[in-house]
Amino acid sequence: MSTTPPRPPERSTRTGGPAAHPGGKHVPDLTLSPARPRTLGTRAPETGRPPVPASAAWRDGDPVGRRQFADLGPLKLESGGRLPAVRLAYETWGELNEDGTNAVLVLHALTGDSHVTGEAGDGHPTPGWWSSMVGPGAPIDTDRWFVVAPNVLGGCQGSTGPASPGPDGLPWGSRFPLLTVRDQVAAEVRLSDLLGIDSWALVIGASLGGLRVLEWAASAPERVESIAAIATAAQTSGDQIAGFHTQLAAIRADPHYRDGDYYDAPDGDGPHVGLGLARQIAHQTYRSPLELDTRFGRIPQGGEEPLEGGRFAVQSYLDHHGDKLSRRFDANTYVVLTRTMITHDLGRDRGGVSAALGSVTARALVIAVDSDRLFPPAQSERIAAGIPGASLHTIHSDYGHDGFLIEEDLVGAYVHEFLEQGAERR
């Protein structure tokens, strides 16, 4: 385990990045909701905001932005189901070189999408979620590397998912089949074929994206030169499954979820309460106890008085994140992707996790966050111990799982060094 990280590469200045934290770190999404007492389960939007849409999924006819689309044909699913037609939305940066050796695949987490880097704008209501990592002069330098980022199969930002039209032209909704991480990677392999990429110089991702990174290495070893698996696991644990289960229960308990068939509901009448509660449950695992206690403690929110039914600041913070996600995501997609994490097991039908990890032939970088309570460091240690020759780095962060986004200099330095080492070996 390294104690001193390599020096991060210099990179160009970008706008639209995260706000500065008082302690000097860059911590995204710190805005709290306005001071206003609420009761759990209210359908009222935050003060001064319009009603929450029933679904914020991207639909045909919406602004395309930087998205490109790949139609991949039918896909047989691991569960025995079948999707008659699969489309993946994706974005690219940089240029593929003549021999196709400079391609990097970036895989997003649960509520991410293909917009890894770039400004918010037409078709992209939020800026890129990893602009510190990808771009000109960044650790994954798009002046040198050809970067591809797909919206995951089952997603809601242009790829085939429950909000997409089914065979009858209506949204799939409750009819959408169970997906696994292997199904998602199978679709991404087809995307690689369409793009003419025989082998990826690097497949990188964190959290849910990291699950797919490991599956790439196990299911298509001949097409992966190196991997970077960040804050992730080879197999979800009982504790993780329990946490995911409560999030699913929160969505399904919302009467406006309608068993997944809510796409024709008017604004304000969709399952945003359940989705918001699921996000609040999840967000506690994204941040550390130290950060929440240090930032919020028992401070009341604004002019509210907890003894009179008002909120503490940390409650307002969670309310804000629940409301925010419901305005840019889709409840069914949250259910579908959470279920893929529940069923994730790299060792399934491969002789167990140890055997699956031991068969990986790609160079491997594994990064853990020491305060991560969603994917604890022990799970990264298991990955690194199982993959022959893997390197493990555990970064210190007070911010928990989201440290993979916030500790951009540390993570970026390790990724840059790893890419350079791979280039030197060619």
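Only a predicted model underlies this, so the values are computations on that prediction, with no experimental measurement involved.

Rules used throughout
Residues numbered from 1 in each chain as written. Predicted model: local features only at pLDDT ≥ 70, side-chain atom pairs only at ≥ 80, totals over all residues. Heavy atoms only, no water. Axes fitted to C-alpha atoms, helices over the stretch in contact; angles between N-to-C directions. Helix = DSSP H or I, 4+ residues; strand = E, 2+ residues; numbered from the N terminus. Parallel < 35°, antiparallel > 145°, perpendicular 65-115°, else oblique. Left-handed = near helix turned anticlockwise from the far one by under 90°. Contact = heavy atoms within 4.5 Å. Nonpolar A, V, L, I, M, F, W, Y, C, P; charged D, E, K, R; others polar. Pairing = 2+ DSSP bridges. pLDDT = per-residue confidence, 0-100. 1 Å grid on protein atoms, 1.4 Å probe; cavity = no way out; pocket = protein on both sides within 12 Å on 5 of 7 lines; lining within 4 Å. Points joined across faces, edges and corners; volume = space filled by probe spheres on them. Buried < 20%, exposed > 50% of the residue type's maximum accessible area, 1.4 Å probe, protein only.

S.K.: Describe the packing of helix α3 (residues 238–252) against helix α4 (residues 272–286), and please don't skip the residues or the numbers.
M.R.: Two elements in contact, α3 and α4, have axes whose closest approach is 7 Å; the angle formed by their N-to-C orientations is 160°. Regarding the angle of α3 to α4, the classification is roughly antiparallel. Along this stretch, α3 crosses α4, giving a crossing that reads as right-handed. Contacts between α3 and α4 involve Gly243, Thr246, Gln247, Ala250 and Ile251 from the first element and Gly274, Leu275, Leu277, Ala278, Ile281 and Ala282 from the second. Taken together, the residues that form the contact of α3 with α4 break down as seven nonpolar, four polar and no charged.

S.K.: Kindly report on the sheet that holds strand β9 (residues 363–369), identifying the contributing residues and their values.
M.R.: Ordered by their spatial adjacency, eight strands build an open sheet running β1-β2-β6-β3-β7-β8-β9-β10, and the pairing between neighbours is mixed. In the strand order of this sheet, the two ends are held by β1 (68–76) and β10 (391–395), each with one partner. Across the sheet, the mean angle separating the axes of adjacent strands is 20° when strand polarity is ignored. Pairing between strand β8 (residues 226–230) and β9: five bridges, direction parallel. Note that in β9 the partner of serine 226 across the bridge is arginine 363.

S.K.: Any chance you could break down the confidence of the model for the protein chain for me, citing the residues and the numbers?
M.R.: Per-chain confidence: the protein chain averages 91 in pLDDT, with 89% of residues scoring 70 or above. pLDDT under 50 marks residues 1–5. Its contacts with residues more than four places away, or in other chains, come to eight contacts. pLDDT under 50 marks residues 7–24. Its contacts with residues more than four places away, or in other chains, come to 40 contacts.

S.K.: How would you explain empty space enclosed by the protein if you had to name every residue and give the values?
M.R.: Under the defined criterion, the tally for this structure stands at four cavities of 30 Å³ or more. One number sums up the size of the largest cavity: a volume of about 80 Å³. For the largest cavity, the full set of lining residues is Arg67, Asp113, His115, Gly123, His124, Pro125, Thr126, Gln157 and Arg328. Among the residues forming the lining of the largest cavity, the class breakdown is one nonpolar, five polar and three charged.

S.K.: Which residues make up the environment of valine 224, and what values do they have?
M.R.: Inspection of the secondary structure puts valine 224 in the loop between α2 (208–219) and β8. As a C-alpha pair, valine 224 and serine 199 span 25 residues in sequence and 5.5 Å in three-dimensional space. The residues contacting valine 224, other than those within four sequence positions of it, are Ser199, Trp200, Val203, Trp216, Ala217 and Ala362.

S.K.: How would you summarise the pairing of strand β3 (residues 103–107) if you had to cite specific residues and measurements?
M.R.: Extensive coverage of β3 is indicated by the burial of five of its five residues. Burial along β3 is two-sided: Ala103, Leu105 and Leu107 facing one way and Val104 and Val106 facing the other are all buried. Pairing of β3 with strand β6 (residues 146–150) involves three bridges; the strand directions are parallel. The partner of valine 104 across the bridge, within β6, is valine 147. Judged from the four bridges that link them, β3 and strand β7 (residues 202–206) form a sheet pairing that is parallel. Bridging across to β7, valine 104 finds its partner in leucine 202.

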